[in-house]
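# Chain and residue survey
As a plain string of letters, each chain reads:
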Amino acid sequence: MLKEQKEIEKPKRSVYRGIIRFIWRGFFLGFAFVLLYLISVEYNVLFLFGTSPSLDKLENPRSDQASELYTSDGQLIGKYFRENRSPVSYTDMSPMLIKALVATEDVRYYEHAGIDPAAIASAVYGSFKGEARGASTITQQLAKNLYKTRTDDSKGVLGHIPGLSIVISKTKEWLTAIKLEQRYTKDEILAMYLNTVDFGSNSFGIKVASKTFFNTSPDSLKLEQAAVLVGLLKAPTYYSPRFNPENATRRRNTVLGQMAKYNYLPKAKADSLSQLPLVLDYKVENHYDGPATYFRGAVADYLQEWCKQNGYDLYRDGLKVYTTIDSRMQQHAEEAMNEHMRKLQRRFDNHWKGRNPWVDEKDREIPGFIEETIKRTAYYQRLKKKYGNDTEAINRELNTPREMMVFTWDNPALEKKVTMSPLDSLAYYKHFLHSGMMTMDPFTGHIKAWVGGINFKYFKYDHVKQARRQPGSTFKPFVYVAAIDNGYSPCDKIVDKRITINYVENGEKKSWSPTNADWQYTGAPMTLRRAMGKSVNSVTAQLTEIIGWETVVKYAKRLGINSPLQSVPSIGLGPSDVSVFDMVGAYSTFPNQGFHTKPMFITRIEDRNGNLIHQFMPRQKKVLSEETAFLMMHMLKGGIEEPGGTSQALWEYDLWKGNEIGGKTGTTSNHSDGWFMGVTKDLVTGVWVGGEDRSIHFRTSQLGEGSKTALPVFGLYMEKIYKDQSLGYTMGRFPGPTVKISKKYNCTTVLPRAVEIDSTEVDSVLEILNLGGNLL
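No experiment lies behind these values; they were computed from the predicted model shown.

So, about the pairing of strand β10 (residues 508–512). As paired elements, strand β9 (residues 501–505) and β10 share 5 bridges and run antiparallel to each other. In the sheet register, Y503 faces β10, and the bridge partner there is K510. The turn linking β9 back onto β10 is made up of 2 residues, and N506 within it adopts a positive phi angle of 55 degrees.

Okay, here's the thing in structure tokens:
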């Protein structure tokens, strides 16, 4: 009987052992499969699963970060970014912000090691009940945001299969989350997360979000503000406090409720805060916000090329760029330009009242000017692409009125809403005068102020470096410096008379008969100093012929003019286009004892961690003798000191307490361009004023010459510079020579004191003055 029972039990035990073996085999196979799957995902076996973050990326996490631009006095003036993000440390975040985040997004954050099994189980259970629940921890979300685990770049072959791609992505997030927890503290992970996430409104990271929505910093957030920002993380657009305030308020109250639920906040306090209205101080940071907008554009152009050559991305790598610009001087320059250009525009509008200002050389309005101009715009090219040769459809678009914001000097906001057609708006903008201005330290080459136009938002063309215009008489110093450096002295004389210069250009015989600005000739010998100070064309032309116009071109190039220059007899009167940038650099050679210093606007570049990448040094070259440079400074003072000097409008400004200033005005044909170049013992400044097109200008010299359009900007600016004691610039005389001056230069013209005469004597006196005699 016992034997029979044993025989029966023996198969049973075999079955049990088989079941156990099956279970263990299944367990080990399952474990092996999971292990093999995890290893395959981690190492992207056969390129099936896509790449995972490398060890280097884990230990040196890098999110896109805005590069920052700083002035020489330490002010942040701009950023370059695709994602506007500036990181902040954990200690600079409000504790209540951290509590709000944990209570809302991951209440067991401090208990798990990157993956929350309870949350996963709850999500699985919820899915069976038809409820969608999230199970991602803060660490997993960081892994997804920081390493872009769901982008096409991280997908392998299997990652393109619907359903399976989600499983693989989740696996990568789990694995990455565990690695992050092993390498960083909980506080560090929270800081990285808040610096990484997108809050909407072009704000990435908590620092930019705090400024965008509440104009504050992360450590100064109020509890209800912190709740709004944490609430945004669920869906930045749907819960935007700017565009969906009701949704944002409801979500804020949910966050406060979570904080009360998990004892981060008393319930009574949460209920009280939930009753508060949603209050924003909203402003999205744009590339054209803040000062020195044109300067920042020029710096960006340079930096993009520099980054390309040195393996950096300006818009992602969080570089810190330190510039030469002084924020105080920049502000003074912008204020001076705005103050004068507002008045000048009013004068221009009154001057052309009832007429359009685009005229030909005979003062006749150019027919079809606006219609032809708009064809060169990008807007017209888009219409052309859309409608092809259907001119009727294109013209209908061009003449259809629509609401738009336009620039105006008439209110503090500098803009107004109007209803205009595209053609009307182009005509409206063509009425504006424009300006460019730059100040440089001639000894270091540091550019201290750069104003490229009247308003960057509406007129992005930079009139400092990008634009080139005829300089008029501001080019004359290159004639005189060539002469002085080749034997002439400021006291040498040339007769002011009508002349004709015959020459050959490209094998063709030509002649040129320059006229003086006032069409008058004294017929008297005139010192070179007075001729330059009074800007006498006839003397400049004769001097050019004597020394050779090729020599003038050579000296202009030597002093830093990089534009193409015409080697013609009229070279000294400025027929070739140049930039304000080059002109300021060239004039800086004179106060710097003959050394040309290349204008520079960056001093150093650091990486996102503050490590020095590159230090920029001044680039100087000796191009003139010290004696020639000193004599040119003396010549430049002639515009102020010589009778009839073209810079004497500067006497109207509060600049003359023991001060010396060298200056040169410039005005081109038809008054299309007005220039002023000003030199003090410390600074060199160039100003240009004119229309966007050469056909847009004043019609009279009384209104359109450089002393009326450009010089006032310099005068107002220097008044502000001297009044700002924090800058350290003081009035004073130019330094004396440090070498022996062999040439005679102290020959300032002295005219006879005016006396009262009766009407019978007037004609004879005028005759003497016109003949010149020995009076001049």
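Right, let's talk about the packing of helix α15 (residues 378–387) against helix α16 (residues 391–398) for a bit. Axis separation between α15 and α16 bottoms out at 9 Å; the angle between their running directions is 140 degrees. With respect to α16, the axis of α15 lies oblique. When the axes of α15 and α16 are compared, the crossing they make is right-handed. On the side of α15, the interface is formed by Y379, Y380, L383, K384, K386 and Y387, while α16 contributes A393, I394, E397 and L398. Classifying every residue of the contact of α15 with α16 gives 7 nonpolar, no polar and 3 charged.

Turning to the pattern of salt bridges, a few remarks are in order. The full count for this structure, using the stated rule, is 29 salt bridges. A salt bridge links R108 to D116, with the shortest nitrogen-to-oxygen separation between them at 2.9 Å. R694 is the partner of D577 in a salt bridge, and the nearest nitrogen-oxygen pair spans 2.8 Å. In this pair, D577 sits in the loop between α21 (549–558) and α22 (580–587) while R694 sits in the loop between β18 (684–691) and α25 (701–704), placing the two residues 117 residues apart along the sequence. In this structure D577 comes out as partly exposed when scored by relative accessible area, which is 28%. Look at the salt bridges and you will find they share partners, linking R469, D577, D673 and R694 into a network.

Below, the discussion takes up the packing of aromatic side chains. As enumerated under the stated definition, the model contains 33 aromatic pairs in all. Centre to centre, the rings of Y429 and F459 are 5.4 Å apart; their planes meet at 90 degrees, and the pair counts as edge-to-face. With Y429 in helix α17 (residues 422–430) and F459 in the loop between β7 (447–451) and α18 (476–484), the pair connects residues that are 30 residues apart, well separated along the chain. Both residues of the pair, Y429 and F459, count as buried. Directly above the aromatic system of Y239 lies the positively charged group of R251, at a separation of 5.7 Å from the ring centroid. In this arrangement the basic side chain of R558 is found over the ring face of Y555, its NZ or CZ atom lying 4.4 Å from the centre.

Of all hydrophobic cores here, the largest spans 140 residues; its most connected members are W450 and Y480. Core analysis: the next-biggest nonpolar cluster, separate from the first, contains 43 residues, A103, M192, L223 and L273 among them.

In this section: helix α27 (residues 711–723). Between the first and last C-alpha of α27 there are 19 Å, a value that for 13 residues agrees with the 18 Å anticipated at 1.5 Å per step. Here α27 lies mainly inside the structure; 11 of its 13 residues are buried. Within α27, burial applies to L711, P712, V713, F714, G715, L716, Y717, M718, E719, I721 and Y722.

Rules used throughout
- Residues numbered from 1 in each chain as written.
- Predicted model: local features only at pLDDT ≥ 70, side-chain atom pairs only at ≥ 80, totals over all residues.
- Heavy atoms only, no water.
- Pairing = 2+ DSSP bridges.
- Helix = DSSP H or I, 4+ residues; strand = E, 2+ residues; numbered from the N terminus.
- Axes fitted to C-alpha atoms, helices over the stretch in contact; angles between N-to-C directions.
- Parallel < 35°, antiparallel > 145°, perpendicular 65-115°, else oblique.
- Left-handed = near helix turned anticlockwise from the far one by under 90°.
- Contact = heavy atoms within 4.5 Å.
- Nonpolar A, V, L, I, M, F, W, Y, C, P; charged D, E, K, R; others polar.
- Salt bridge = Lys/Arg side-chain N within 4 Å of Asp/Glu carboxyl O.
- Buried < 20%, exposed > 50% of the residue type's maximum accessible area, 1.4 Å probe, protein only.
- Phe/Tyr/Trp six-rings, centres within 6.5 Å; stacked < 30°, edge-to-face > 60°.
- Lys NZ or Arg CZ within 6 Å of the ring centre and 35° of its normal.
- Core = buried A, V, L, I, M, F, W, Y, C linked by side-chain atoms within 4.5 Å.
- Expected span 1.5 Å × (residues − 1).

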